[in-house]
Amino acid sequence: MPSGQEAGGEGVDVLLIFPPQTEARFFPYLSLPYLSGHLRRRGRRVHQADLNIALLHDLLRHPESLGDVLRDQPDTGAGAWYRRAMADVVAGHIDELRAHVLRKEPPGELGPARAVRLAHHAIELLVRDTFLVRTWRDLTQLDSAAQQAALSPPAASGLPIERLYGMVEALLARHRPRVVGLSVAFFSQLAPALLIAAWVRRLRPDAKICLGGQQVMIRHEELARLPGVRASVDALCWTAGEQPLERWLDALDGSAPEDAVPGMIWLPHAAPQRSEQPVTLRFHDLGPPDFAGLPVRSYLNETMEVAIISCVGCYWGRCAFCSYGNRSLAPGAYQQGTVRQIADAVQAVVRDTGAEFVSISDENTNLRLIVKAMREVRDRGVKVGFGVRSRLDATLADPAFCRSLAEVGCELMSVGYEGTSQRLLDLMDRGVRAADYQRIVENVASAGIVLRFSVMGYVFDETEAEFEESLRFLAANQERIGIDALELMVSEPGSRLARDPDGFGLSLDTSGVLAGNPELSYLSGRVGHPLTVRDGPTRAEALDRLVRVFHTVRPGKATAILPRRPGAGSRVAVDRSGVAAVRPYPWVRTVPAGVDVARVPDAKSPGTGDGEGRIVVADLVWERFYALPRRDVEQRADGLLGARTAHGRRLLASLVEATAATDQTGAEQARAGPAGADQSGADRSGAVRLETPAVAGGEAVRRPI
């Protein structure tokens, strides 16, 4: 079938579903497009559905859903005000959100970055306190809750669950699949995936149901023992799914025996049966991803972006904390594409989707291979920007190589940062030299490539001195970097940490209790065994260190945790002593005087008990709070904030620099008083910034909701 679409009244062979709930809304997650492409090239009819992004699209088309949800929530306190204000901002900018997110049209004053961020807040407000965003003590609790939710009417679990059920029901009625595959890439998707599987079992009992993806690869043995999984699921795919699904369809056709299907654990036999057949399909044999059927232009990004991979696994593979990379240590497990194969994939996805940017979403990209492949792409007349993930390895210590990366289109590089202690880097087998880091950062920045760090804490027995040195490195280079995430090290199943904790000075709780990063990462992020570092910091101490990183380091590049600061080359000069009045943007709201701001750190003026000494304003897009002393700043009836003192002018200048307000001094010259000569404190963080640590993809550590 040419495009894999169903013909006439005939149903599809496979319905592939990417379930909620994850922040992976930047572009279509690649599991579905690669599976769809392979199966369609084998003549199979496939429909792929990203229900994670579909929930957001449904909300943008029906923004009144936020009001329906808020009516069922408490309506007092700072949290209630915050939620209502956020919903009001979403409603006020719904046309801009639809324009940018759904159609990639200009979003007006809001701008692309804010549109993306505000849409993210909207969907999180919708799903707040529902089954979709619960975190779990252990897999047994998760499985039991999914079973209970499946037995209850969807509406009883809240509006998002009701809408999700309607989507699943419509997909099954329209496409009538023989097989339903659910790709569970992130732990936060596991409970929703089990709920959807139970719905499918009830709505279409003759369909076969398979779970696959990264979480199944690392947890299939535990999942196979769960009652809910065994009641709803026919197979768990514990390897790459292209060949297992292809062979399974052959077996269902009767053209091959079931025992010829590789990579599966079959359920619900009395005891799970593991396929003994090896997967023989190699990455070299795969074609490019096929995005047909997915709303590629309507993902949550600033531009039109899609992704490819250049390999399966990680060519280094030895980092002790990485369950994905550690699977590559087995002989033959790491598979790398050829220059021509990668170039073909980039050319195909740009041609088919009109993408302006391609993310090469490997866990760790072979940069020299990518330079060759992207040079060939350019030789074919295709010019597209791209981003990569990499270690801070010696390849980047060569400035000429960094320039060659930029010359073939590299615009963004995401790297992991575990500190500058060579002792700890060697213990985790990172394969990098901290002595190269400064040169690498300078080389990448000089080449014009945005460098974004994911900062890891709780790195073994890191001493206070080692942490301080690592923090100094970040602070010294803050203008050259962005920060995507702050996270504590986790011992995931399948990682070297989990297999040999004693070798790394750790004690693990393997009783089944789950541990992740609930304070820092979206829905806990990576989830594994609770760990204790022998003769090292406690978890609480390690968390405090990461919060210090957040408050100390002010990234100068695009970042997931803070608004983009005016940087070199783009900064609009602000006379910090000459800003007499500002107008907050429509998404910046004043916290009403009657709202208790005690939960917002430092919101109250010294010596006051109720916060009346300050005007507290909230940038709802960037989740930042600013407290402005009333002795320095007044709030006017026309909505402007005016300076009463020289210090007040500097505070208002800080709001302008933080893109929270526009300078209205020119229109207010008649009211502007002398700026004053006292510049002491001009470099202070003006409005006593009250931002809460919004990290690891933008989720706040402490928000008043």
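Residues numbered from 1 in each chain as written. Predicted model: local features only at pLDDT ≥ 70, side-chain atom pairs only at ≥ 80, totals over all residues. Heavy atoms only, no water.

Asks: Give a detailed account of the overall build of the chain, specifying residues and quantitative values.
Replies: On a plain count of helices and strands, the chain comes out with 22 helices and 26 strands. Carbon and sulfur atoms provide 50% of the accessible area of the chain, an area that totals close to 27300 Å². (Helix = DSSP H or I, 4+ residues; strand = E, 2+ residues; numbered from the N terminus. Areas by Shrake-Rupley, 256 points an atom, 1.4 Å probe, with all protein chains shown as cover.)

Asks: Can you lay out the nonpolar core for me, pointing to particular residues and giving the numbers?
Replies: Leu 236, Leu 405, Met 413 and Phe 453 are the most contacted members of the largest nonpolar core, which has 202 residues in total. The element that contributes the greatest number of residues to this core is helix H9 (residues 190-203), accounting for 10 residues. What Leu 405 contacts, discounting residues up to four positions off in sequence, is Leu 367, Val 371, Phe 386, Leu 396, Cys 410, Met 413 and Ile 449. Counting residues in hydrophobic clusters, the runner-up holds 20 residues, among them Leu 16, Leu 35, Leu 39 and Met 264. (Core = buried A, V, L, I, M, F, W, Y, C linked by side-chain atoms within 4.5 Å. Buried < 20%, exposed > 50% of the residue type's maximum accessible area, 1.4 Å probe, protein only. Contact = heavy atoms within 4.5 Å.)

Asks: Can you explain the environment of Leu 59? Please cite residues and give values.
Replies: Relative to the elements of secondary structure, Leu 59 occurs in helix H2 (residues 51-61). Look at Leu 59 and you get buried, because its relative accessible area is 2%. Spatially, the C-alpha atoms of Leu 59 and Ala 122 are 8.0 Å apart, while their sequence positions differ by 63 residues. With residues up to four places along the chain from it excluded, the contact list for Leu 59 reads Ser 65, Leu 66, Ala 122, Ile 123 and Leu 126.

Asks: Explain the pattern of salt bridges to me, using residue names and the numbers behind them.
Replies: Pairing is possible between side chains that carry opposite charge, provided their charged atoms lie close to one another. The tally for this structure, following the rule as stated, stands at 43 salt bridges. Here Glu 623 ties to Arg 117 by a salt bridge, and the two come within 3.2 Å at their closest N and O atoms. Of the two residues, Glu 623 is situated in the loop between strand S20 (614-619) and strand S21 (624-629) and Arg 117 in helix H6 (residues 111-127); the sequence distance between them amounts to 506 residues. Grouping residues by exposure puts Glu 623 and Arg 117 together as buried. For Arg 340, the salt bridge goes to Asp 344, with nearest N and O atoms at 4.0 Å. Taken as a pair, Arg 340 and Asp 344 lie in helix H14 (residues 339-353) at a separation of four residues, close to a single helical turn. (Salt bridge = Lys/Arg side-chain N within 4 Å of Asp/Glu carboxyl O.)

Asks: Please set out unusual backbone geometry residue by residue, giving values where relevant.
Replies: With an omega of 10°, the peptide bond between Pro 20 and Gln 21 qualifies as cis. Tracing the backbone shows Gln 21 in the loop between strand S1 (14-18) and helix H1 (31-41). A positive phi is found at Lys 104, a non-glycine position, where the angle reads about 55°. Assignment of secondary structure puts Lys 104 in the loop between helix H5 (94-103) and H6. Among the residues examined, Lys 104 registers a relative accessible area of 17% and is labelled buried.

Asks: Can you tell me about the sheet that holds strand S19 (residues 588-590), naming the residues and giving the values?
Replies: In spatial order, the strands read S19-S20-S21; together these three strands make up an open sheet with antiparallel pairing. Since the sheet does not close on itself, it has two edges, and those belong to S19 and S21, each with one partner. Averaged over all pairs of adjacent strands, the angle between their axes in this sheet comes to 25°, without regard to strand direction. With six bridges joining them, S20 and S21 adopt antiparallel strand pairing. (Pairing = 2+ DSSP bridges. Axes fitted to C-alpha atoms, helices over the stretch in contact; angles between N-to-C directions.)

Asks: How would you explain the packing of aromatic side chains if you had to name every residue and give the values?
Replies: Per the stated rule, a full pass over the model turns up 13 aromatic pairs. Relative to Phe 625, the ring of Tyr 82 has its centre 6.1 Å away and its plane inclined at 25°; by these criteria the two rings are stacked. Here Tyr 82 is found in helix H4 (residues 77-92), whereas its partner Phe 625 is found in strand S21, with 543 residues between them in sequence. Of the two residues examined, Tyr 82 and Phe 625, each falls in the buried class. Geometrically, the ring pair formed by Tyr 585 and Trp 587 is stacked, given 4.7 Å between the ring centres and 5° between the ring planes. Residue classification places Tyr 585 among the buried positions, given a relative accessible area of 18%. Since its relative accessible area comes to 0%, Trp 587 is described here as buried. (Phe/Tyr/Trp six-rings, centres within 6.5 Å; stacked < 30°, edge-to-face > 60°.)

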